[in-house]
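Summary of structural features
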Amino acid sequence: ATASITVTGTADTSVLTVTAGDVLISNGLISINSDDTTQGGQLVIPSSPATTSNPISITADDLTDGAALYVDSDNGVSFTNDGGFIRLYNGTATIWAVGNDGATRILTTANSTVGLTVSGIQTSVDAVLLTTSGVTATGKAILQIQSTGATAAGSAALLVDATGIPAASILAGSFGAGA
C-alpha cells in the first residue's frame, strides 16, 4: 500500500516515539530540516548503554563516487575554539578534530599512546608526503618538531629507526636551483 503520514506537532516536543522497536526505511531518505540551535545537535543518537558494536555504522560497499560520510559547511572561516568539520570528544577533551581550512589536531591523553601511525607497503609512492606551495616565511618550516616537555636520556625529537636493509641512504635530500 502507498501511504503518506504527516505529523504536525509543537516545537521542542516529541511527536513520534518508538519504544522497544526498530524503524526500517527501504529505498527512502531521512531529511532533517530544523531551526533549532540548541547544544547537542540536530541528530542526537544516545548510545550510552552500548558496550559493544558500533552505535553509528555506515556501509557503502558499492560507492564509486562521492563519500561515505560527507560534511559540508561553508562557515569554516568562522570556526572558533573546538568548532570545526568533525570533532571526537572523550568526555574530557577533544582528542581529534578537523577545523578551519582542514587544520587537524590530535591529542593523546596517555603517555603510552602513539598519536599517529601510518603503515603500509609503499613500493611506488611515499608513505607520508608533505607538500607546500609558495614561499615558506622566515622563521617558519614545512615540518616543525616542538618538544615542550622534558626529555629523558636517550630520547630524541626525531628518531629514524630503519629496521630493513636500505639500498641507499636513510636520509636523502635534494635541493633545487633556489637553494
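Look up a bit, the structure's there.
Report on the accompanying structure. (Residues numbered from 1 in each chain as written. Predicted model: local features only at pLDDT ≥ 70, side-chain atom pairs only at ≥ 80, totals over all residues. Heavy atoms only, no water.)

Here we look at the overall build of the protein
Helix and strand counts for the protein stand at 0 helices and 3 strands. Along the chain direction, N to C, the helices and strands of the protein fall in the order β-β-β. The proportion of buried residues among the 179 residues of the protein is 4%. Taking as baseline every contact in the protein between residues at least 6 positions apart, the subset at least 24 positions apart corresponds to 4%. Carbon together with sulfur atoms contributes 51% to the accessible area of the protein, which is approximately 16800 Å² in total. (Helix = DSSP H or I, 4+ residues; strand = E, 2+ residues; numbered from the N terminus. Buried < 20%, exposed > 50% of the residue type's maximum accessible area, 1.4 Å probe, protein only. Contact = heavy atoms within 4.5 Å. Areas by Shrake-Rupley, 256 points an atom, 1.4 Å probe, with all protein chains shown as cover.)

Describing the sheet that holds strand 2 (residues 94-98)
Pairing is antiparallel across the open sheet formed by 3 strands, whose spatial order is 1-2-3. Among the strands making up the open sheet, the edge pair consists of strand 1 (86-89) and strand 3 (104-106). Going across the sheet, the axis of each strand differs from the next one's by a mean of 10°, ignoring polarity. Pairing analysis gives 3 bridges linking strand 2 to strand 3, with the strands arranged antiparallel. Within strand 3, the position partnered with Val98 by the bridge is Thr104. (Pairing = 2+ DSSP bridges. Axes fitted to C-alpha atoms, helices over the stretch in contact; angles between N-to-C directions.)

Details of unusual backbone geometry
One non-glycine residue, Ala20, lies in positive phi territory at about 55°. You will see that Asn27, though not glycine, has its phi angle at about 50°, which is positive. Topologically, Asn27 is positioned in the segment before strand 1.

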